[in-house]
Amino acid sequence: MGMDRLIRRVLALLHRSSHGPISFVRHFSYKDIKKGTDDFQRIIYSNSHGTAYKAKLQDGGVALVKEVGAFDQEKDVFYREVQLLGRLHHRHLLPLRGFCAGHKTKRLLVFDNIENGSLKEHLSDPLKTPLNWRTRLQIAIGVASALEYLLLFTDPPMYHVSISSSNIMLDDQFTAKVADVGLFTSVGNHITVPHASCSEECMVQEHGNIILQLGVLILELITGQCSEKGGDDLIQWIQESRFASSMHKMIDPDLGNNYDSRELKNLLSVAKLCIKSGDKPKFSIPQILHYLQKKVDIPCD
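Description of the structure in this document. From a predicted model like this one, the values you see are computed outputs, not experimental measurements.

1. Some details on the overall build of the protein
1) Next: Each helix and strand counted, the protein has ten helices and twelve strands in total.
2) Next: Across the 301 residues in the protein, those meeting the buried criterion constitute 52%.

2. Quick look at the environment of Ser 118
1) Next: Position of Ser 118 among the secondary structure elements: in the loop between strand 6 (106-113) and helix 4 (119-124).
2) Next: Considered as a pair, Ser 118 and Ser 164 are 46 residues apart in the sequence and their alpha carbons are 9.7 Å apart.
3) Next: Beyond its immediate stretch of four places on either side in the chain, Ser 118 contacts Ser 165, Ser 166, Ile 168, Met 169 and Leu 170.

3. What about the nonpolar core?
Looking at soluble globular proteins, one finds that nonpolar side chains tend to be buried together.
1) Next: Membership of the largest hydrophobic core comes to 71 residues, with the highest contact counts inside it found for Leu 64, Leu 109, Val 143, Val 178 and Val 181.
2) Next: Among the elements that take part in this core, helix 5 (residues 133-152) stands out by supplying twelve residues, more than any other.
3) Next: With near-sequence residues (within four places) excluded, Val 143 lies in contact with Ile 163, Ile 168, Ala 176, Val 178, Leu 214 and Leu 217.
4) Next: Core analysis: the next-biggest nonpolar cluster, separate from the first, contains eleven residues, Phe 28, Ala 55, Cys 100 and Val 110 among them.

4. Section: the side chain of Thr 154
1) Next: Mapped onto the secondary structure, Thr 154 falls in the loop between helix 5 and strand 7 (160-162).
2) Next: From its side chain, Thr 154 meets the backbone oxygen of Pro 156 in a polar contact 3.1 Å long.
3) Next: Separated by 3.5 Å, the side chain of Thr 154 and the backbone nitrogen of Met 158 make a polar contact.

5. Topic: unusual backbone geometry
1) Next: Put simply, Asp 155 and Pro 156 share a cis peptide bond, and its omega is 5°.
2) Next: With phi around 60°, Asp 39 is a residue other than glycine that occupies positive phi space.
3) Next: Mapped onto the elements, Asp 39 comes out in the loop between helix 2 (30-36) and strand 2 (43-47).
4) Next: Notably, Phe 40 is not glycine yet its phi reads approximately 60°, a positive angle.
5) Next: As for its position among the elements, Phe 40 is in the loop between helix 2 and strand 2.
6) Next: Phe 40 sits in the buried class, given a relative accessible area of 10%.

6. Considerations on the packing of helix 5 against helix 9 (residues 261-276)
1) Next: In contact at an axis separation of 12 Å, helix 5 and helix 9 are set at 30° when each is read in the N-to-C sense. Relative to helix 9, the element helix 5 is oriented roughly parallel. Handedness of the crossing formed by helix 5 with helix 9: left-handed. For the pair helix 5 and helix 9, the contacting residues are Trp 133, Arg 134 and Leu 137 in the first and Glu 263, Leu 264 and Leu 267 in the second.

Conventions and cut-offs
Residues numbered from 1 in each chain as written. Predicted model: local features only at pLDDT ≥ 70, side-chain atom pairs only at ≥ 80, totals over all residues. Heavy atoms only, no water. Helix = DSSP H or I, 4+ residues; strand = E, 2+ residues; numbered from the N terminus. Buried < 20%, exposed > 50% of the residue type's maximum accessible area, 1.4 Å probe, protein only. Contact = heavy atoms within 4.5 Å. Core = buried A, V, L, I, M, F, W, Y, C linked by side-chain atoms within 4.5 Å. Polar contact = N/O pair within 3.5 Å; in protein donor to acceptor, adjacent residues only side chain to side chain. Axes fitted to C-alpha atoms, helices over the stretch in contact; angles between N-to-C directions. Parallel < 35°, antiparallel > 145°, perpendicular 65-115°, else oblique. Left-handed = near helix turned anticlockwise from the far one by under 90°.

Written out as structure tokens, the structure is:
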């Protein structure tokens, strides 16, 4: 299929969709994306789901560009990915802005502006403004809210989501935006839809993995430590028998004494429950969200 035909096909599918409103998306040229990412050198994060780049667009805006793999033999997979992401509307999800049919078989998704960069930058970069306690609580609740939406209010449920400080973006108001969301996983030219033929037990395991990631993210917010090993170091700390006595020593020094001790204990309790959940969680993301909203003094969105 020629490149022009591919672009027309994607746009036509978007306009014909009857499964909910789709935000306006535009086609970006591969040349502009390549230039905006400095020849794909400006990496924001890279994981098993793919690589994301920071791009300076021609209009002066800053965007996140996500490479979604080489759909050489299954082009319809890319069309469907754009359709599904274009229908997602939530305050704590990074909106899809457009797509790039790419060069040869390369496919790219372009997401909205990321004025304040990633959460990881604000936790680890001494030149960035430290996040206060209120903002950290809002980020935890915002991410949990986005997960509830993805798992309960999208059709099909979006289990392909990665949660970490490197792929949580912050807008100009420091509102958290989950960036790594999709329906498909790609490895080379092989496309998999994890939940398409997945048993109920498999879905429960995927749900448990998302809950575990949320627990690790909460620990990153509390400690200011950005784990690059799946959170193993933070998980080990919260599971130690001496955890209670070391709790205040692990708090991010940037916070000083400017936090609420009661809220801290409640947040740590949530993180500990998330991490203990394993492959078969005894509670759901909506329950976690409700608990967070009930136990910390943050207004609901």
